[in-house]
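Take a look at the letters that make up each chain.
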Amino acid sequence: MRSKVTMSAAALLLLGTMGCQRHSKSDKYYLIAGNLKVPYWKTATAGFQQAAADYNVTAIVDGPDGEDAGAEEDAFQKAAATKPAGILVSVLDANRMQSAITSAVRSGTPVITIDSDAAQSGRLYFIGTDNYNAGHLGAQRLIQLLHGKGNVVFFTYPAQPNLAERLKGYQDTFNDHAGMKTVDVVNIGGDTSIAFDKVREYVSKTGADKVDAFVSLESVSAKDVADALDRQHVTDRTVIGMDVSPDTVELINKGKVAATIAQKPWTMGYVGLKALAHVHEDDAKDVGSTGAQARFPAFVDTGSALVDKENVGAWQSK
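Cut-offs used in this document
- Residues numbered from 1 in each chain as written.
- Predicted model: local features only at pLDDT ≥ 70, side-chain atom pairs only at ≥ 80, totals over all residues.
- Heavy atoms only, no water.
- Pairing = 2+ DSSP bridges.
- Helix = DSSP H or I, 4+ residues; strand = E, 2+ residues; numbered from the N terminus.
- Axes fitted to C-alpha atoms, helices over the stretch in contact; angles between N-to-C directions.
- Contact = heavy atoms within 4.5 Å.
- Phe/Tyr/Trp six-rings, centres within 6.5 Å; stacked < 30°, edge-to-face > 60°.
- Buried < 20%, exposed > 50% of the residue type's maximum accessible area, 1.4 Å probe, protein only.
- Polar contact = N/O pair within 3.5 Å; in protein donor to acceptor, adjacent residues only side chain to side chain.
- Right-handed = clockwise from strand over helix to strand, strands pointing away.

*Asks:* What's the story with the sheet that holds strand 7 (residues 150-156) in this structure? I'm lost.
*Replies:* Within a sheet, each strand pairs with its neighbour through backbone hydrogen bonds, oriented either parallel or antiparallel. Taken in spatial order, the six strands line up as 8-7-9-10-11-13 in an open sheet, and their pairing is mixed. Since the sheet does not close on itself, it has two edges, and those belong to strand 8 (180-187) and strand 13 (305-308), each with one partner. Strand-to-strand, the axes of this sheet are offset by a mean angle of 20 degrees, without reference to chain direction. Strand direction decides the pairing type here: strand 7 and strand 8, joined by seven bridges, are parallel. Bridge assignment links Phe-154 to a residue of strand 8, and that residue is Val-185. Along the sheet, helix 8 (residues 221-231) makes contact with strand 7, strand 9 (213-216) and strand 10 (238-242), crossing strand 9 at roughly 155 degrees.

*Asks:* What is the right way to look at the packing of aromatic side chains in this model?
*Replies:* Geometrically, a pair of aromatic rings is defined through the distance of the ring centres and the angle of the planes. Counted according to the given criterion, the structure contains eight aromatic pairs. Taken together, a centroid distance of 6.1 Å and an interplanar angle of 40 degrees make the contact between Phe-154 and Phe-174 tilted. Of the two residues, Phe-154 is situated in strand 7 and Phe-174 in helix 6 (residues 161-174); the sequence distance between them amounts to 20 residues. Taking relative accessible area as the criterion, Phe-154 reaches 0% and is therefore assigned buried. On the basis of an interplanar angle of 15 degrees and a centroid distance of 4.8 Å, the ring pair of Trp-266 and Tyr-270 is categorised as stacked. You can see Trp-266 and its partner Tyr-270 sitting in helix 10 (residues 265-282), four residues apart, about one turn around the helix. Members of the aromatic cluster, joined through ring pairs, are Phe-154, Tyr-170 and Phe-174.

*Asks:* So what exactly am I meant to see when it comes to the side chain of Asn-35 here?
*Replies:* With respect to the helices, strands and loops of the structure, Asn-35 is situated in the loop between strand 2 (28-32) and helix 2 (39-55). Side chain to side chain, Asn-35 and Glu-67 meet in a polar contact 2.6 Å long. Apart from the residues within four sequence positions on either side, Asn-35 is in contact with Trp-41, Pro-64, Asp-65, Gly-66, Glu-67 and Tyr-157.

*Asks:* Please clarify how the pairing of strand 9 should be interpreted in this entry.
*Replies:* For a regular strand, side chains alternate in direction, first toward one face of the sheet and then toward the other. Side chains Ala-213 and Val-215 project from strand 9 onto one buried face, and the interleaved Phe-214 and Ser-216 project onto a second face that is buried too. Alignment of strand 7 against strand 9, held across four bridges, turns out to be parallel. If you follow Phe-155 over to strand 9, its bridge partner there is Ser-216. Bridge analysis of strand 9 against strand 10 gives three bridges, and the strand direction is parallel. What sits directly across from Ala-213, in strand 10, is Thr-238. Between the parallel elements strand 9 and strand 10, the chain passes through helix 8 in a crossover that is right-handed.

Have a look at this one:
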């Protein structure tokens, strides 16, 4: 059970329905993230840009194409130096970004995190998936598919807070099922070929050491996992992905991926910019999300859902 105050994305949108005429193109809002070329972030960018169009403000997107936390920090500091109306950031490394976010907020720039949080940084609040629950959803389906017993390998980026929360959601759920074992948590470091190579290594194990399932905690490695299994002609392993990229949807349709957890990146980008615009409009950037009379929530849950062969068509059409 989470103690933080939450708010639905739909409810937050109501905050921005008044006073749009007070905004202008001179108001600049930044979205800073890593891996910007993957479909997930293209979708988030589209939502961010749509909100900018609705409010007639300027949207700027910056950050590395890969999982480079140092480059993301540089992009964030560059954006903060321009004194923008606000910054949305998805945090690749919370320890690295904490001081940069704190400095920006103290200098008067409102910062809201999306997708991946840095809770101790002084950001106003977080908009995104309940990542612990996303892990719980995936674990429940995996337990069902493996009939409560199996060895599991995870692929992740350990420094990224949202992925750590997903892993905890999986492992806490496994704790109620003695037959579920985590064999390895592999740091792919932004290089999905590591997942490919690890799968080829693990499929050779037999008996008690046999790996029964592979779980991608991020949006891109499931394709490499499925490819490695396919090339080895292995069909008796279970793959769980993350997000509904075109590749993952295709693999679910082909039966190569059993299920994935869908998020709402478009909503994160859209709601995120509107939330910053609301803060900027009210000049409330120094009012945080803590305390009994906080003006903002601590967490806006944009929602998640399990997608498999039964309902993938509905997500594909969207």
